[in-house]
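Topology and contacts: notes
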Amino acid sequence: MINKLIAKIQKTKAPIVIGLDPMLNYVPEHIQKKAFAEYGETLAGAAEAIWQFNKEIVDKTWDLVPAVKPQIAMYEQFGIEGLKAYQKTVDYCHAKDLVVIGDIKRGDIGSTSAAYAAGHLGKIQVGSKCYTAFHEDFATVNPYLGSDGIKPFIEVCQEENKGIFVLVKTSNPSSGEFQDRLIDGRPLYEHVGEKVAQWGEEHMGDSYSYIGAVVGATYPEMGKILRKLMPKTFILVPGYGAQGGTAKDLVHFFNPDGLGAIVNSSRGIIAAYKQEKYASFGPEHFADASRAAVEDMTADIRQALETR
């Protein structure tokens with residue numbers, strides 16, 4: 001799957017992943033009204049609204065990007081109906097041949113971790129039959145329970161030719177409370193990065209490992225260090241745009257070959273119509289605004305890489 005992701009990045013010339021993280025207040029009123037007319041102001045109505053919102057954005061952007069990253073919490077908040085919308089979104093993106101990164105941030109041990117891995121990346125046995133459940137291509141994983149929490153995911157990735165992105169240095173302001181703590185004179189995130197690189201050496205695609213890392217765009221200097229520590233690790237970079245990361249901040253995450261990283265933007269793309277820059281599209285044409293935001297982000301990153 002890492003080979004497919006890289007091939008699609010090279011084809012689109014866009015190392016970008018769209019974060020499908022829909023809050024209900026991102027969804028234009030006309031979509032909400034239609035969903036509520038059919039299902040009422042219920043959890044099912046909310047789920048229908050975000051599904052239709054996602055579908056329209058995917059329809060307008062699928063040819064520009066290699067991947068999408070739905071954040072499962074934005075669906076779970078609507079309960080079972082929300083998870084149905086998550087499943088529809090994953091399936092629809094696969095139908096468009098997009099790589100799907102399930103942003104699930106799971107982290108547990110033993111049989112629990114194995115169950116998460118099976119449910120999101122693998123297969124589950126039901127009597128004499130075998131099924132896939134959510135069926136994402138990659139999943140984000142929290143490493144802070146150690147190798148016990150990661151190995152079940154790696155085993156499933158080996159079986160299914162899929163991949164994971166391990167949290168190393170996250171983009172949120174308080175990440176340093178734990179991740180920056182010094183251990184043997186070095187910050188914890190460096191130790192985690194080295195472990196990710198070690199796991200990755202044993203699980204390679206053609207040129208990069210299918211054991212990737214999450215490193216926030218909001219910490220470019222740390223990104224420089226981690227890029228050197230993890231030369232064959234593909235880095236998923238959140239924090240561009242709305243969280244303050246700029247294209248200039250991102251260049252350190254890429255290797256000289258122009259590969260090695262994929263940059264996420266969520267509300268900067270899916271809620272672009274709410275920004276002054278794209279306000280002329282209006283709520284009725286929100287997905288056209290999203291397309292314009294993707295085109296602008298692609299040009300911004302490309303220019304930064306060409307002038308670094």
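Residues numbered from 1 in each chain as written. Predicted model: local features only at pLDDT ≥ 70, side-chain atom pairs only at ≥ 80, totals over all residues. Heavy atoms only, no water.

1. Observations concerning the pairing of strand S6 (residues 138-141)
Both faces of S6 are covered, namely the face carrying Phe138 and Thr140 and the face carrying Ala139 and Val141. In terms of strand pairing, strand S3 (residues 99-106) meets S6 through three bridges, oriented parallel. Bridged to glycine 102 within S6 is alanine 139. In terms of strand pairing, S6 meets strand S7 (residues 163-169) through four bridges, oriented parallel. Bridge pairing links alanine 139 to isoleucine 164 in S7. Handedness of the crossover joining S6 and S7 through helix H7 (residues 147-160) is recorded here as right-handed. (Buried < 20%, exposed > 50% of the residue type's maximum accessible area, 1.4 Å probe, protein only. Helix = DSSP H or I, 4+ residues; strand = E, 2+ residues; numbered from the N terminus. Pairing = 2+ DSSP bridges. Right-handed = clockwise from strand over helix to strand, strands pointing away.)

2. Let's talk about helix H2 (residues 29-39)
Of the positions making up H2, those classed as buried are Ile31, Gln32 and Ala35. One face of H2 carries all of its buried residues, which in axial projection span an arc of 95°. What points out from H2, more than 90 degrees from its buried face, is the exposed set Glu29, Lys33, Lys34 and Ala37. In this structure, the buried residues of H2 make contact with helix H3 (43-61) and helix H13 (286-306). (Arc of directions from axis to C-beta. Contact = heavy atoms within 4.5 Å.)

3. Quick notes on unusual backbone geometry
The backbone phi angle of asparagine 161 is positive, close to 55°, even though this residue is not glycine. The class for asparagine 161 is exposed, based on a relative accessible area of 55%. The backbone phi angle of aspartate 184 is positive, close to 55°, even though this residue is not glycine. For aspartate 184, the location among the structural elements is in the loop between strand S8 (182-183) and strand S9 (186-187). Using a relative accessible area of 74% as the deciding quantity, one classes aspartate 184 as exposed.

Function cannot be read off these values alone, since they describe shape.
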